Amino acid sequence: MKQPVFQPFTVKDVVFLAILSAVATCTAAVMALVSQIHIFALAQVVTALQFSLFPAVALMKVRKVGAMLFFALFTGTVELFMAPVMFFSSLLAGLLLEGLVLALFRGYGRDGAVFLAAWLFIPLTLPLNLLYYVCFAGDLFEQFFGAGLQLAAVGCVLAAVALSALGAALGIKISRELRRAGVLKG
């Protein structure tokens, strides 16, 4: 018998998602080292690995529709105090990923769905950030793409996408090993 698409979250599920989002956010503190270097997507390059690895682990355990949105909301809440654009990018990426996973997989039951959501979390923030810069922060747009930095931006976007794929794959592999060892129970 198939499980229903929408399942209720337990307190244990929400706490696990909150802990892993907190760990991902703490490990992303390296972004502060590059925050004043105005190259588009550089911040995503230094956070892509952890913001794909930890959601993959989270989704391998909590395979419920809405889990990625919880993860995005928890990380976004911390990001809100640093830069509101980061909060909205994370939240919108979480919403888009939930819709995409529902449309393609009907939930996180398959590892492919987990990989897709974990992999695309950071890459989806890129167009959302770009839209913000174009519409609301033209001076930052000029800094990011002026002075010949377009090639650096393209390189950073490609690196962020590649590192996100690597992190998602590693997160799934780590989760399988933890489950095999009896540490991560589904």
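How each quantity is defined
Residues numbered from 1 in each chain as written. Predicted model: local features only at pLDDT ≥ 70, side-chain atom pairs only at ≥ 80, totals over all residues. Heavy atoms only, no water. Phe/Tyr/Trp six-rings, centres within 6.5 Å; stacked < 30°, edge-to-face > 60°. Helix = DSSP H or I, 4+ residues; strand = E, 2+ residues; numbered from the N terminus. Buried < 20%, exposed > 50% of the residue type's maximum accessible area, 1.4 Å probe, protein only. Expected span 1.5 Å × (residues − 1). Bend = angle between axes of the 7 residues up to and from the residue. Salt bridge = Lys/Arg side-chain N within 4 Å of Asp/Glu carboxyl O. pLDDT = per-residue confidence, 0-100. Axes fitted to C-alpha atoms, helices over the stretch in contact; angles between N-to-C directions. Parallel < 35°, antiparallel > 145°, perpendicular 65-115°, else oblique. Left-handed = near helix turned anticlockwise from the far one by under 90°. Contact = heavy atoms within 4.5 Å. Nonpolar A, V, L, I, M, F, W, Y, C, P; charged D, E, K, R; others polar. Core = buried A, V, L, I, M, F, W, Y, C linked by side-chain atoms within 4.5 Å.

> Please give an account of the packing of aromatic side chains that cites residues and values.
Across all of its chains, the model carries nine aromatic pairs by this definition. Centroid distance Phe51 to Phe121: 6.2 Å. Interplanar angle 40 degrees. Geometry classified as tilted. A residue pair is termed long-range when its members are at least 10 positions apart, and Phe51 in helix α4 (residues 50-61) and Phe121 in helix α7 (residues 111-136) qualify at 70 residues. Relative accessible area serves as the criterion here: at 1%, Phe121 is assigned to the buried category.

> How would you summarise helix α5 (residues 67-82) if you had to cite specific residues and measurements?
For α5, built from 16 residues, the straight-helix expectation of 22 Å at 1.5 Å per residue is met to within 8% by its first-to-last C-alpha distance of 23 Å. Helix geometry: α5 is bent most strongly at Gly76, by close to 30 degrees. Along α5, the residues classified as buried are Ala67, Met68, Phe71, Ala72, Thr75, Gly76 and Glu79.

> Requested: an account of the pattern of salt bridges, with residues and values cited.
For the structure shown, the criterion picks out four salt bridges. Among the charged side chains, a network of salt bridges with common partners joins Arg63, Asp111 and Arg176.

> Outline the confidence of the model for the protein, listing residues and values.
The share of residues in the protein with pLDDT of 70 or more is 97%, and the mean pLDDT across the chain is 91. Across the protein, the secondary-structure element scoring lowest on mean pLDDT is helix α8 (residues 138-145), at 75, and the one scoring highest is α4, at 97.

> Break down the packing of helix α6 (residues 84-105) against α7 for me, citing the residues and quoting the values.
At a minimum axis distance of 8 Å, the contact between α6 and α7 shows a crossing angle of 140 degrees. Classified by the angle between their axes, α6 and α7 sit oblique to one another. As α6 packs across α7, the resulting crossing turns out to be right-handed. Residues Val85, Ser89, Ser90, Leu92, Ala93, Gly94, Leu96, Leu97, Leu100, Val101, Leu104 and Phe105 of α6 touch α7, and the partners they reach there are Gly112, Ala113, Leu116, Ala117, Leu120, Phe121, Leu124, Thr125, Leu128, Asn129 and Tyr132. Of the residues assigned to the contact of α6 with α7, the class counts are 17 nonpolar, six polar and no charged.

> Describe the environment of Leu53, naming the residues involved and giving the relevant values.
Following the sequence through the fold, Leu53 ends up in helix α4. Between the alpha carbons of Leu53 and Leu96 there is a distance of 19 Å; along the sequence they are 43 residues apart. Among residues more than four places away in sequence, those in contact with Leu53 are Gly167, Ala168, Leu170, Gly171 and Ile174.

> Explain the nonpolar core to me, and be specific about the residues and the numbers.
Taken as a class, soluble globular proteins show a tendency for nonpolar side chains to be buried jointly. Membership of the largest hydrophobic core comes to 35 residues, with the highest contact counts inside it found for Met68, Phe71, Tyr108 and Phe121. For this core, the secondary structure elements donating two or more residues are α1 (11-27), α4, α5, α6, α7 and α9 (150-180). Leave out the neighbours within four places in its chain, and Met68 touches Pro55, Leu59, Leu97, Glu98, Tyr108, Ala117 and Phe121. Counting residues in hydrophobic clusters, the runner-up holds 14 residues, among them Ala41, Leu42, Ala137 and Ala153.

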